[in-house]
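Breakdown of the fold
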Amino acid sequence: MAATTFSLQSIVRPNILALKPYRCARDDFSSGVLLDANENAYGPALNPTSDAAVASAGLDINRYPDPHQTDLKNLLAKFRNIPGPEHFFLGVGSDEVIDMIFRVFCVPGKDAVLITPPTYGMYSVSAQINDVEVKKATLTLDGNFQLNVDEIEKQINANPNIKVIFLCSPGNPTGSALSHESIRRVLTLPNYKGIVAVDEAYVDFIEDGKEGSTATWVTQYPNLIVMQTMSKSFGLAGVRLGVAITTPEIASYMNATKAPYNIASTTSHVAQEALQPKGLDILHKHIAVMIEERGRLLEAFKSIAGLGKVLGTNDSNFVLVEVLDKDGKPSNERAFGVYTDMAKRQGLVVRFRGTEIGCEGCLRITVGTPEENETVIRLLTEQLGS
Ligand SMILES: Cc1ncc(COP(=O)(O)O)c(C=O)c1O
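Residues numbered from 1 in each chain as written. Predicted model: local features only at pLDDT ≥ 70, side-chain atom pairs only at ≥ 80, totals over all residues. Heavy atoms only, no water.

As recorded in an unreviewed UniProt entry, the chain goes by histidinol-phosphate transaminase and comes from Entomortierella parvispora. Looking at the chain in UniProt, the text filed under Sequence similarities (unreviewed entry) is "Belongs to the class-II pyridoxal-phosphate-dependent aminotransferase family." (UniProt positions renumbered as here; feature names shortened; annotations may be inferred.)

Here is the structure:
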């Protein structure tokens, strides 16, 4: 194990260390006549021929779901090449995983986290909700959006109350995967005793041949939590399944802290189906098409006069592109104008990201279907000239 100075017990919140987790009879007995949990033995209040009843047939949705979700974790472990289910915490989207990290490690009003802007907004929102201070070490603003490890180290040395460093790879809104070498440096910073949380929501969109997921590193680093989600590559944003892959010790604290039945039976059922060979086949086909379509958008953007540089290294299912003013400079005013005009008049909604550091004049555009991408190219050409 690396990071030899790391002691989990010294960074978990004292109230979580002392927590006696909620236990139910179902932890010990899960079959027989089940009159232990005040469920409704008569069944769901659903028209039996309705879509909802048909879709949930066989799932016993009048019963609470499995609090441990071991079958689902086993499938995830196999898919991500992780030794076993004990390495997992599952949340209601990775947004719950992010919140759980705050709740397990950060004492409100006392501790801090470090983020690397421009980055995903929920780290700061969750910090505010949990009354935790946010420190920042900006990514390199050379167009590649990589970690500035020296700046991270400076912040760590100046703020010993930093308990978690949130890294996003590939980043949102940057689209840049962080170099593995830089992530390893952060994991082993000599004076850092806290957690490194690597958000890999977009990891499946990194092209083969480039550095990919860090999830398997959880057997090497005692301070690593890797966050993934089924909302992006799996196309299951509506089922809300977020995944934390970490050490069994960290996972056990996160699992002890969660609400007992946080993962719905329907969510688990759909996610398990997606992890079967047929589902994985579709996943890989979709990823390949999205990567191809991303390339097509990037190519088309080159001949739209009012678009400037594409920022980042395009490792996600979106692109981040500059809108230029008449003098050829990135312009928030023009980008915001194009954004609102396309949304209001033409029904195409993209994301204005110009107020994020290093993203002056930028729109973030999700890769859609080939037809949707045609619409993007046509409307941007109309707006910004060819
Ligand atoms: C970087 C990043 N992390 C996490 C999330 C949240 O994902 P989920 O749908 O699993 O809550 C998003 C959603 O856009 C994201 O961009």
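Considerations on the layout of surface pockets
Size it by volume and the largest pocket reaches roughly 450 Å³. Contributing to the lining of the largest pocket are 19 residues, with Leu-59, Tyr-64, Pro-65, Asp-66 and Ser-265 lying nearest its centre. Those elements that place two or more of their residues in the lining of the largest pocket are α4 (70–80) and α10 (265–274). By residue number, the principal contributor to the lining of the largest pocket is α10, which donates four residues. When its residues are assigned to classes, the lining of the largest pocket shows six nonpolar, eight polar and five charged. (1 Å grid on protein atoms, 1.4 Å probe; cavity = no way out; pocket = protein on both sides within 12 Å on 5 of 7 lines; lining within 4 Å. Points joined across faces, edges and corners; volume = space filled by probe spheres on them. Helix = DSSP H or I, 4+ residues; strand = E, 2+ residues; numbered from the N terminus. Nonpolar A, V, L, I, M, F, W, Y, C, P; charged D, E, K, R; others polar.)

Focus on the side chain of Ser-56
Looking at where Ser-56 falls in the secondary structure, it is placed in the loop between α3 (51–55) and α4. Reaching out from Ser-56, the side chain makes a polar contact with the backbone oxygen of Ala-52 at a distance of 2.7 Å. The contacts of Ser-56, once residues within four sequence positions are left out, are Leu-46 and Ile-61. (Polar contact = N/O pair within 3.5 Å; in protein donor to acceptor, adjacent residues only side chain to side chain. Contact = heavy atoms within 4.5 Å.)

A closer look at the pattern of salt bridges
Under the defined criterion, the tally for this structure stands at 21 salt bridges. Its salt-bridge partner being Arg-26, residue Glu-39 comes within 3.0 Å of it at the nearest N-O pair. Of this pair, Glu-39 sits in the loop between α2 (14–17) and α3 while Arg-26 sits in the loop between α2 and α3, and the two are 13 residues apart along the sequence. Among the charged side chains, a network of salt bridges with common partners joins Arg-26, Asp-36, Glu-39 and Arg-63. (Salt bridge = Lys/Arg side-chain N within 4 Å of Asp/Glu carboxyl O.)

Re the pairing of strand β5 (residues 195–199)
When you tally the buried positions in β5, you get five out of five residues, the bulk of the element. Alternating positions in β5 separate into two faces, Ile-195, Ala-197 and Asp-199 on one and Val-196 and Val-198 on the other, with burial throughout. Direction of pairing for strand β4 (residues 162–168) relative to β5: parallel, over a ladder of five bridges. Bridged to Ile-165 within β5 is Val-196. With helix α8 (residues 180–187) bridging β4 and its parallel neighbour β5, the resulting β-α-β unit is right-handed. As paired strands, β5 and strand β6 (residues 224–229) are joined by four bridges and run parallel to one another. From the neighbouring strand, Val-196 faces β6, where its bridge partner is Leu-224. (Buried < 20%, exposed > 50% of the residue type's maximum accessible area, 1.4 Å probe, protein only. Pairing = 2+ DSSP bridges. Right-handed = clockwise from strand over helix to strand, strands pointing away.)

A short note on the sheet that holds strand β10 (residues 351–352)
Ordered by their spatial adjacency, four strands build an open sheet running β8-β9-β11-β10, and the pairing between neighbours is antiparallel. What marks the edges here is a single partner per strand, and that holds for β8 (307–311) and β10. Sheet analysis places strand β9 (residues 318–323) next to strand β11 (residues 362–366), joined by five bridges and oriented antiparallel. Bridging across to β11, Phe-318 finds its partner in Thr-366. Against the sheet, helix α13 (residues 370–384) contacts β8, β9 and β11, and its axis sits at roughly 160 degrees relative to β11. (Axes fitted to C-alpha atoms, helices over the stretch in contact; angles between N-to-C directions.)

Structural notes on unusual backbone geometry
Excluding glycine, residues mostly have negative phi values, and the peptide bonds linking residues are mostly trans. A cis amide bond links Pro-117 to the next residue, Pro-118, at an omega of 0 degrees. For the bond from Asn-172 to Pro-173, the omega torsion is 15 degrees, close enough to zero to count as cis. For Pro-173, the location among the structural elements is in the loop between β4 and α8. The phi dihedral of Asn-38 is positive, around 55 degrees, even though this residue is not glycine. One can find Asn-38 in the loop between α2 and α3. Backbone geometry places Gln-69, a non-glycine residue, at a positive phi of 50 degrees. On the secondary structure map, Gln-69 appears in the loop between α3 and α4.

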